[in-house]
Amino acid sequence: MNRLSKEEVLHVANLARLELTEEEIDTYAIKLKEILDEVDKIKDIEVLSDEVMISPNDNICVLSDDKEKEMLTKEEILKNAPKKYADYIEVRGVFE
């Protein structure tokens, strides 16, 4: 069979809350069958192991070492701020 029945297409359209024309039903009958055929190819894959695979490779992406560093004091932070108000860094307002 190279297409789905009209009832099957309408069932899928109903699940997706779509309203289809007769022309679209004919088009989707063929296209949905092609998609389902591709999904069925998964059944033909030979599985050599029953081990759960979380990721297809073991490479761990680490951009930098997670090391605790000494924190700056409030005075050091405010010293580098372009604008300040009392003990706060002054920034441009988001809503003006």
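To be clear, the structure that these remarks concern was listed above.
What you see is a predicted model, and the numbers here were worked out from it, not measured in a lab.

Q: Quick question: what am I supposed to make of the overall build of the protein chain here?
A: Assigned secondary structure in the protein chain consists of 3 helices and 2 strands. Counting from the amino terminus, the protein chain carries its helices and strands in the arrangement α-α-α-β-β. Taking 96 residues into account, the globule formula puts the C-alpha radius of gyration at 12 Å, and the protein chain, at 30 Å, lies well above it. Over its C-alpha atoms, taken along the principal directions, the protein chain stretches across nearly 75 × 50 × 15 Å. Across the 96 residues that make up the protein chain, the buried fraction comes to 8%. Here the analysis covers contacts within the protein chain between residues at least 6 apart in sequence; of these, 30% occur between residues at least 24 apart. Here the protein chain contributes 14 positive and 25 negative side-chain charges, whose respective centroids are spaced 8 Å apart.

Q: What should I look at first to understand the pattern of salt bridges in this one?
A: Working definition: two side chains of opposite charge can pair if their charged atoms are close together. Applying the stated rule across the entire model yields 6 salt bridges. The residue aspartate 26 makes a salt bridge to arginine 3 at a minimum N-O spacing of 3.6 Å. In this pair, aspartate 26 sits in helix H2 (residues 22-40) while arginine 3 sits in the segment before helix H1 (6-15), placing the two residues 23 residues apart along the sequence. On the basis of relative accessibility, which here comes to 33%, the residue arginine 3 falls in the partly exposed class. The closest approach of N and O atoms between lysine 6 and glutamate 22, which form a salt bridge, is 3.2 Å. With a gap of 16 residues between them, lysine 6 in helix H1 and glutamate 22 in helix H2 connect regions that are remote in the sequence.

Thresholds applied
- Residues numbered from 1 in each chain as written.
- Predicted model: local features only at pLDDT ≥ 70, side-chain atom pairs only at ≥ 80, totals over all residues.
- Heavy atoms only, no water.
- Helix = DSSP H or I, 4+ residues; strand = E, 2+ residues; numbered from the N terminus.
- Rg over C-alpha atoms; globule rule 2.2 N^0.38 Å.
- Buried < 20%, exposed > 50% of the residue type's maximum accessible area, 1.4 Å probe, protein only.
- Contact = heavy atoms within 4.5 Å.
- Lys, Arg positive; Asp, Glu negative; His and termini not counted.
- Charge placed at Lys NZ, Arg CZ, Asp CG, Glu CD.
- Salt bridge = Lys/Arg side-chain N within 4 Å of Asp/Glu carboxyl O.

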